[in-house]
Amino acid sequence: MTDSDPVAGGGAPAVDPRGWALPRTVGLGDLGPLAEPISEHNGQAVAVRPLTDHPGWLAKLYRPGPHQEDGHRIDLLISAPDTLPEAERASLYAGTCWPAARIREPGNPAVGCVIPMAPEQYRSELRRGKFSERRFLEIDWLAKSDESIRRVGLPCPGFEGRLAACRRLTELAAILEGLGLVYSDWSFSNAFWSPEGRSVYLIDVDGCQPKKMPDIHQPNWADPLTPPGSDADQYTDRYRLALLVAKCLTGRRDASTFHGVAASHWLNQPAVSEVLLDMLLATDRERRPAAAQLNQALNNGPYLRAVPRPTRTPLPQLPPKQPTVVLPQPSPNAIPKPPAVARISTVEEQQKPETGPSTKWIWVLAFVVILVIVIVIASNH
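Residues numbered from 1 in each chain as written. Predicted model: local features only at pLDDT ≥ 70, side-chain atom pairs only at ≥ 80, totals over all residues. Heavy atoms only, no water.

Counting secondary structure elements, the protein chain contains 10 helices and 14 strands. When each of the 381 residues of the protein chain is scored for burial, the buried share is 43%. For the protein chain, the computed accessible surface area is about 21500 Å², with 58% contributed by carbon and sulfur atoms. (Helix = DSSP H or I, 4+ residues; strand = E, 2+ residues; numbered from the N terminus. Buried < 20%, exposed > 50% of the residue type's maximum accessible area, 1.4 Å probe, protein only. Areas by Shrake-Rupley, 256 points an atom, 1.4 Å probe, with all protein chains shown as cover.)

What follows is the structure, encoded as C-alpha cells:
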C-alpha cells in the first residue's frame, strides 16, 4: 500500500483476535444494555459507555447529527487491518482501541462505534500523600523525571523503560502511516503507559482519516510548518510523534527537550538523535523522516538519510534560569560558633508575665505619685 492508496476493504474479513465476533455494522439495540458513561463530552464523543453484556467492550457515541462521511470512514478503519501482514495486524489490535463495528440507526449511519476497553495492565496505583488512586496511566508520566515518577509509587522506568515504550509507540505510528492514515492527535492524553509491561496503548484511533484531516490543536503541540487553519497530514504527524518521543526519552517537556536530544549520548541507539532532530527541525516539512525510520533507529538500526541532508532551524532558546542566591561562606580560618541550644521553658516561666520596658515605667510613675502625696501630707503638718 502506498501513500496514494489509503486503506481499502476487500476479501474475507480477517479474524479479530480480541474475542468477540460481531457484525461490522450493528444497531444500538443489538448491543444490549449500556452502563453509565466512563467519559462524556470528550472530543467528538458525547459519551463512552461500557456494554453490560460484553465486559471489556465500549460503545463510543458521537455527537448528534447525520454522519454519512463518518460512516464510510469508520468502515474503512474497521476493514483496514485485513490488509496488514499478520504480525502488524496483531500489533494494531493489541496496542490500540481499534474500532470493531460501526453503530448505525435509521437516519444516522454513524451513531458511534464499538471499541475495546484498554487492558487492565495500563492501570496503576498512584500515591499522593496518604491517598492512592488506581487509574489508567497516561504517557504524560514519561515526560517527567524518574524521581517524580518514583514519588507517586510507580516503578522507575530508567532509560531502558522509556526506550521500550517509545519503540512500541513508533511501531504503531509506522503501521498507521503505512495504511495512509493521519492521526493528528499525538499528545500526552491519547496514549496509556504500562510501567511493568513497558508498553503503550493508543486511544481515540477511530478519529483517523485517510491522507489528511482537520488539524487537532493541542497547546504546546503546534507544528511550526503547518500553517494555522490548514489540514494535518502525515508530515504533521511526524513532527508531533517526534516531539512526544523526545519528551518521553528525555523526561523533559519544554524547550530543553530539544537540547536534551541534541546533547544525548544514547550509545546503543546512535541514530536516534539525528532522526529526531530532522523530524523536529527540518526546514522542509516533506524532508521529515518517516515514523518507520524513527522506529528503526530506536531498535538500533541505521538512519538511511537522503542526500543532501535536510537543513534545520536552530535549537529553540532555553527558558531563562531563575537567579541563584549565593550564601556567604565562612572563612576557612574562622572559629566556628557553638551550635545554638534550644531551651524549653517551664510551665511557671510560660505563665510569668513579661517585664518589658513599658511595665518598668508604670512602676516608676506609681512610685513618683506616692512620693508626692507623702510630701504634701508632711507639709500640712
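This paragraph deals with the environment of Arg 162. Secondary-structure assignment places Arg 162 in helix H4 (residues 158-178). Expressed as a C-alpha distance, the spacing of Arg 162 and Ala 143, which sit 19 residues apart in the sequence, is 9.5 Å. Excluding anything up to four places from it in sequence, Arg 162 contacts Leu 142, Lys 144, Ser 145, Asp 146, Ile 149, Pro 157, Cys 248, Leu 249 and Gly 251. Of note is the side chain of Arg 162, whose polar atom sits 2.7 Å from the backbone oxygen of Lys 144. (Contact = heavy atoms within 4.5 Å. Polar contact = N/O pair within 3.5 Å; in protein donor to acceptor, adjacent residues only side chain to side chain.)

Next up on the list: helix H2 (residues 86-95). Taken together, the buried positions of H2 are Arg 89, Ser 91, Leu 92, Tyr 93 and Gly 95. At its buried positions, H2 is contacted by H4 and strand E11 (199-202).

With that settled, the discussion passes to helix H1 (residues 68-79). In a regular helix each residue adds 1.5 Å, so 12 residues correspond to 16 Å; H1 covers 17 Å between its end C-alpha atoms and thus fits that length. Listed in full, the buried residues belonging to H1 are Gly 71, Arg 73, Ile 74, Leu 76, Leu 77, Ile 78 and Ser 79. (Expected span 1.5 Å × (residues − 1).)

With that settled, the discussion passes to the confidence of the model for the protein chain. For the protein chain, per-residue confidence averages 84 on the pLDDT scale, and 80% of positions sit at 70 or higher. Within the model, the stretch residues 1-12 combines pLDDT values under 50 with 22 contacts to residues more than four positions away or in other chains. Confidence drops under a pLDDT of 50 for residues 336-357, and excluding neighbours within four residues, the segment shows four contacts in the predicted structure. (pLDDT = per-residue confidence, 0-100.)

For Val 272, the location among the structural elements is in helix H7 (residues 272-281). For the pair Val 272 and Gln 296, spaced 24 residues apart in sequence, the C-alpha separation works out to 8.8 Å. Among residues more than four places away in sequence, those in contact with Val 272 are Leu 249, Trp 266, Ala 297 and Leu 298.

All right, on to the sheet that holds strand E2 (residues 39-42) then. Whether parallel or antiparallel, the strands of a sheet pair through hydrogen bonds between backbone atoms. Taken together, the six strands give an open sheet; going across it, the order is E1-E5-E6-E4-E3-E2, and neighbouring strands pair in mixed fashion. One side of each edge strand has no neighbouring strand; the edge strands of this open sheet are strand E1 (25-27) and E2. With direction set aside, neighbouring strand axes in the sheet form an average angle of 30 degrees. Of the pairings in the sheet, the one linking E1 to strand E5 (residues 101-105) comprises three bridges and is parallel in character. (Pairing = 2+ DSSP bridges. Axes fitted to C-alpha atoms, helices over the stretch in contact; angles between N-to-C directions.)

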